[in-house]
Amino acid sequence: MTICSNDEIIEEFELLTRDAGHVQQDTLRKILELNADSEYLNRFNLERRTDSKSFKSCIPLCVHSDIESYIQRIADGDNSLVLTGKPITSLSVSSGTTQGKSKLLPFNDELLESTIQIFQTSYAFRNREYPIGNGKTLQFVYGSKQVLTQGGILATTATTNLYRSWRFMEAMKDIMSQCCSPDEVIFGPDFHQSLYCHLLCGLIYSDEVQFVFSPFAHSLVHAFNTLEEVWEDLCADIRHGVLSKRITTPSIRQAVSKILRPNPELASSIYNKCQNLSSWYGGIPALWPNAKYIYGIMTGSMEPYLKKLRHYAGHLPLMSADYGASEGWVGSNVNPTLPPEEVTYAVLPNIAYFEFIPLEKPKGEEMENSSSIHYIESEPVGLTEVEVGKIYEVVITNFAGLYRYRLGDIVKIAGFHNWTPELQFICRRSLVLSINIDKNTEKDLQLAVEEAEQLLAEEKLEVVDFTSLVDRSSDPGHYVIFWELSSGNASEELLSSCANSMDLAFVDAGYVGSRKIKTIGALELRVLRKGTFGQVMNHYLSLGGAVNQFKTPRFVSQSNSKVLQILNRNVTQSYFSTAYGI
């Protein structure tokens with residue numbers, strides 16, 4: 001494999017983005033030529049044409065349900081040219097935590113190559129600002145179960161599809177420091193054992209760690225929450241050179257035992273550092289003194305974890321990783337000094353063909369804090385035709401058989417890097433809370449929780465995690481917000497005020513009007529026992545889910561009975577809002 005320097009990678013990116021319009025047309029041509037014989041394209045009579053005008057006039061916009069039957073045929077063993085010009089041999093499984101149901105998506109070598117390009121590009125810009133030397137990375141990465149579909153097609157998470165690829169792992173050696181943990185830990189069958197060993201290996205190599213990484217901010221926070229609980233056991237392992245009995249998987253025990261040696265001096269140093277931390281503030285730089293930053297996806301549903309992650313990070317910068325989905329990649333973070341709340345992603349014009357659906361709110365509904373879905377859509381525009389400051393839904397056509405596929409992501413155009421736009425992720429477009437004419441999204445829910453958290457901050461309390469429910473068991477129906485708090489010391493007066501604060505924070509016109517005329521009941525805050533969301537995650541993992549892709553569901557439907565049972569049996573207190581009168 002040709003190894004490029006960071007300067008060469010940046011120069012290639014500059015060339016691509018300076019000619020983004022022509023690169024996009026060339027990319028579309030390549031996609032359509034490669035897949036000209038596919039059944040899907042021929043169904044719409046594209047007739048091997050490769051220009052954008054013919055493509056847009058023949059091929060309709062689609063969502064996953066429109067192509068689900070095609071993907072299912074592939075999973076069932078149909079090796080004809082269903083979606084692509086050569087048979088699909090691997091499938092990625094989406095997290096299923098957004099919509100409550102996993103989706104199968106095609107995965108091929110071209111997606112692998114675009115992933116490597118995205119990672120190389122962001123690394124080059126990152127390394128220019130925060131150069132790292134020889135060393136290791138503390139990575140909280142976990143493989144997931146690999147299953148064969150009925151037709152013998154390998155189906156697993158997109159992350160595992162990458163990490164099981166020799167090509168990807170070789171490329172990563174050139175742009176990332178070596179992981180502290182052996183492969184047996186990454187691909188271990190038990191997440192809890194793997195996490196413990198990631199922490200142990202990270203501490204063994206504590207002076208060599210250059211940066212800390214996990215795909216999602218949630219995984220990072222969970223890892224350091226766990227460190228708070230097991231640090232004394234980890235110190236004992238290092239002191240005596242004997243791995244804890246909690247590690248029962250033979251392959252993990254054998255691999256970790258090879259690098260674990262008695263080291264009383266290191267154990268004492270770690271022990272003293274942990275004892276001297278104040279509420280674990282700055283724990284990461286204290287224990288990994290040569291780490292330069294913390295890296296992972298920190299936008300969208302990961303934003304609620306930033307406060308806790310910053311607590312652990314102390315002075316270390318948080319850096320949001322690249323923008324993509326199980327469907328494919330969109331852009332790289334080429335401005336690594338920006339905080340996660342302001343991060344932008346420069347679209348790589350040669351990894352897919354992109355369109356953007358302009359979204360506007362009707363007059364009278366342009367409320368600044370609302371993310372509701374009352375959008376008027378216009379015809380999609382091309383990559384270089386978007387306008388700064390406007391919001392759009394992303395549409396992707398990639399090399400793996402997705403054509404004019406609506407990602408369901410709302411982005412804002414923050415600016416341009418040469419001729420390619422820099423996107424700011426706003427939210428998923430999917431609806432979360434609705435009873436009648438009210439429509440509130442995940443972002444609206446997050447804003448409501450953040451509003452109430454300001455009241456908690458005065459008492460030095462915080463929300464560990466949260467989710468929601470529409471309760472129609474009584475008439476009128478009402479919103480239920482579940483909170484797990486950092487401490488059980490909140491007063492009834494404070495929690496009642498929090499319920500009122502959240503009720504008033506939903507500014508969607510349909511919600512406010514319905515609350516005033518009592519067609520939506522008072523918002524209810526249900527407080528949960530500590531550890532409840534850990535039980536939710538364990539339930540998800542027991543179904544075969546992957547911790548790398550786990551996102552706390554921000555909305556739980558009535559049909560999700562198992563998760564509802566976990567939540568409801570852990571409720572300790574309940575408070576109804578009086579914000580609109582009783």
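Residues numbered from 1 in each chain as written. Predicted model: local features only at pLDDT ≥ 70, side-chain atom pairs only at ≥ 80, totals over all residues. Heavy atoms only, no water.

As recorded in an unreviewed UniProt entry, the protein chain goes by the name Jasmonic acid-amido synthetase JAR1-like, listed as coming from Panicum virgatum. Recorded in UniProt for the protein chain, the comment headed Sequence similarities (unreviewed entry) runs: "Belongs to the IAA-amido conjugating enzyme family." (UniProt positions renumbered as here; feature names shortened; annotations may be inferred.)

So, on to the side chain of Arg554. Note that Arg554 resides in the loop between α19 (532–542) and α20 (561–569). Note on Arg554: relative accessible area 4%, which makes it buried. Here the side chain of Arg554 touches Tyr305 through a polar contact of 3.1 Å, side chain to side chain. In contact with Arg554, not counting residues within four places along its chain, are Ser301, Pro304, Tyr305, Val432, Glu442, Leu445, Asp465, Phe466, Thr467 and Ser468. (Helix = DSSP H or I, 4+ residues; strand = E, 2+ residues; numbered from the N terminus. Buried < 20%, exposed > 50% of the residue type's maximum accessible area, 1.4 Å probe, protein only. Polar contact = N/O pair within 3.5 Å; in protein donor to acceptor, adjacent residues only side chain to side chain. Contact = heavy atoms within 4.5 Å.)

What follows is about the nonpolar core. Within the largest apolar cluster, 70 residues are counted, with the highest numbers of intra-cluster contacts made by Tyr40, Tyr323, Phe354 and Phe356. Per-element tally for this core: the top contributor is helix α6 (residues 109–129), with seven residues. Formed by 58 residues, the second largest nonpolar core is a distinct cluster that contains Leu203, Ile294, Met298 and Ala313. (Core = buried A, V, L, I, M, F, W, Y, C linked by side-chain atoms within 4.5 Å.)

The next thing to look at is the pairing of strand β3 (residues 136–139). Here β3 shows no split at all, with Lys136 and Leu138 on one side and Thr137 and Gln139 on the other all buried. With two bridges connecting them, β3 and strand β6 (residues 178–179) associate as parallel partners. Within β6, the position partnered with Thr137 by the bridge is Cys179. (Pairing = 2+ DSSP bridges.)

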